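Topology and contacts: notes
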Amino acid sequence: MTGVQTCALPIQTTLLPSVDKATAAVKEGEGDIAITPPEGAIRNAVAGGNLRVIAANVNRLPLSLISHPRFKRIEDLKGAVLGTSSLTEGTALYTMEVLRRYGLNYPDDYTFNVVGLHPARWKALQEGTIDAAVQLMPLNFIAEDAGFRNLGEVTDYIPEIAFTALIVDKDWAEKNRAAVVAFLRALIQATAWVDDQANDAPLLALMAELIHAEGKYGRLSLDYMRGKRVFPSDLSIPGAAFAKTVELMEKAGFSAADAARARVVLDDSYRREAAT
């Protein structure tokens, strides 16, 4: 980026098959930072553990509820099998909230099959082992073109939430504060780069490589992300977004007493330092 000071920061990335495993990797010291839904870190911090949320990654849900075409309305999902990557974090909670609006409650009215992340859910939809699942782009667009039905956008039901965040072990983060701040500063710069339409050509090439959003699906996905303002420019988590995450956790069985202490997981000092 022109005019932006850069430095070399060695990063090794690992894609894990579920949000539970991403949270566990940081807790067990197998990873330093996880970009994952924050519910596991919240439970850990409330219980006295070391996990902390230091920044936002996504505060709006770029998810569509995709189903087999025989389901014409969300109400029709009574008795269906829904795909998810976890029963306690992320997509299961969002799915429960959407279906709850139509009088469908888990586990009485439908079941979950823990099949994994979005590519695994798309595979399960095609194979018929699940009936529906929330899907990220470009798989939502690909599924529609393949004849599957889009029953609705999750943002219509949950406008703002801490969808994915940056999770660390507080002791490791403090010992490596300079590196953590540098990493967050790089993410802030990268977000600005993504938001700049002048960078569309290299960005579309990168999306084709990383998320297989090729051809028209790259353009659709990029416009979808920007239209929903998926990435916060300063990596901050709005109070309303965090509160919604905790609210959905309560609805799924998180105790009111623990919910009242949930903010113990937040440490905004790294992000504030990176933003200066």
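Counting restarts for each chain: residues are numbered from 1 in the order of the written sequence. For a predicted model such as this one, the threshold for reporting local features is a pLDDT of at least 70, and the threshold for listing and counting side-chain atom pairs is 80 or more; totals across whole chains, interfaces and linings nevertheless cover every residue. Excluding hydrogens and water, the side-chain figures rest on all heavy atoms present in the structure.

This brings us to the packing of helix H8 (residues 200-210) against helix H9 (residues 216-227). Relative to each other, H8 and H9 sit at 110 degrees, their axes nearing to 10 Å. Classified by the angle between their axes, H8 and H9 sit roughly perpendicular to one another. Across from Asp-200, Leu-203, Leu-204 and Met-207 in H8, the residues of H9 making contact are Gly-218, Arg-219, Ser-221, Leu-222, Met-225 and Arg-226. Classifying every residue of the contact of H8 with H9 gives five nonpolar, two polar and three charged. To obtain an axis, a line is fitted to C-alpha atoms, over the contacting stretch when the element is a helix, and the angle between two such axes runs from 0 to 180 degrees between their N-to-C directions. Secondary structure is summarised from DSSP: a helix means a run of H or I of at least four residues, a strand means a run of E of at least two, and numbering begins at the N terminus for each. Geometric relationships in this document are graded by angle, where less than 35 degrees denotes roughly parallel, more than 145 denotes roughly antiparallel, 65 to 115 denotes roughly perpendicular, and other angles denote oblique. Here, two residues are considered to be in contact whenever any of their heavy atoms come within 4.5 Å of each other. All amino acids are sorted into three groups, where Ala, Val, Leu, Ile, Met, Phe, Trp, Tyr, Cys and Pro are nonpolar, Asp, Glu, Lys and Arg are charged, and the leftover types, Gly among them, are polar.

In terms of burial, strand E3 (residues 63-67) is largely enclosed, as five of its five residues are buried. Here's how the labels work: a residue is buried when its accessible area is under 20% of the maximum for its type, exposed when over 50%, partly exposed in between, all with a 1.4 Å probe on protein chains only. On E3, burial covers both faces: Leu-63, Leu-65 and Ser-67 on one face and Ser-64 and Ile-66 on the other are all buried. For two strands to be treated as a pair, DSSP must find at least two bridges joining them. When E3 meets strand E7 (residues 149-153), the two strands line up antiparallel, connected through three bridges. Bridge assignment links Ser-64 to a residue of E7, and that residue is Glu-153.

Aromatic pairs are defined between Phe, Tyr and Trp rings, using the six-membered ring for Trp, whenever the two ring centres lie within 6.5 Å; interplanar angles under 30 degrees are classed as stacked, those over 60 as edge-to-face, and all others as tilted. Scanning all chains against the criterion turns up seven aromatic pairs. Plain terms: the ring middles of Phe-141 and Tyr-224 are 5.5 Å apart, the flat faces sit at 85 degrees to each other, and that makes the pair edge-to-face. Of the two residues, Phe-141 is situated in helix H5 (residues 139-145) and Tyr-224 in helix H9; the sequence distance between them amounts to 83 residues. One aromatic cluster is present, built from ring pairs that chain together Tyr-106, Tyr-110 and Phe-112. Positioned above the aromatic ring of Tyr-270, the side-chain terminus of Arg-177 is 4.1 Å from the ring centre. Look at NZ for Lys and CZ for Arg. If either is within 6 Å of the ring centre and within 35 degrees of the ring normal, a charge sits over the ring.

Here we come to a nonpolar patch on the surface. Like-charged residues within 9 Å of one another, or nonpolar side chains (Val, Leu, Ile, Met, Phe, Trp, Tyr) within 5 Å, are grouped into patches, provided each residue has over 30% relative accessible area and no salt bridge. Per-residue and other accessible areas were derived by the Shrake-Rupley procedure at a 1.4 Å probe size, with only the shown protein chains allowed to occlude residues. Put simply, a salt bridge is a Lys or Arg side-chain nitrogen that is within 4 Å of an Asp or Glu carboxyl oxygen. A cluster of nonpolar side chains, namely Leu-87, Tyr-106 and Val-114, defines an oily patch on the protein surface of about 250 Å² accessible area. With respect to the secondary-structure elements, Tyr-106 resides in the loop between helix H3 (91-100) and strand E5 (111-114). The class of Tyr-106 is partly exposed, set by a relative accessible area of 35%.

The full count for this structure, using the stated rule, is 21 salt bridges. Across the salt bridge formed by Lys-228 and Glu-153, the nearest N and O atoms sit 3.9 Å from each other. One end of the pair, Lys-228, is in the loop between H9 and helix H10 (239-251); the other, Glu-153, is in strand E7, with 75 residues separating them in the sequence. Among the residues examined, Lys-228 registers a relative accessible area of 17% and is labelled buried. Among the residues examined, Glu-153 registers a relative accessible area of 17% and is labelled buried. Through salt bridges with shared partners, a single ionic network connects Glu-97, Arg-100, Arg-101, Lys-244, Glu-247 and Lys-251.

With respect to topology, three strands assemble into an open sheet ordered E1-E8-E2, the strand pairing being antiparallel. In the strand order of this sheet, the two ends are held by strand E1 (33-36) and strand E2 (51-58), each with one partner. Strand-to-strand twist in this sheet, taken as the mean axis angle between neighbours without regard to direction, amounts to 25 degrees. The sheet contact formed by E1 and strand E8 (residues 164-169) spans four bridges and is antiparallel. Along E8, the bridge assignment pairs Ile-33 with Val-168. Lying over the sheet, helix H1 (residues 19-27) contacts E1, E2 and E8, oriented at roughly 160 degrees with respect to E1.

Following the sequence through the fold, Ile-237 ends up in the loop between H9 and H10. Between the C-alpha atoms of Ile-237 and Asp-268, which are 31 residues apart in sequence, the distance is 9.0 Å. Aside from chain neighbours lying at most four places away, what touches Ile-237 is Val-53, Ala-55, Ala-56, Asn-59, Ala-162, Ala-165, Phe-242 and Leu-266.

By themselves these figures say nothing about function.
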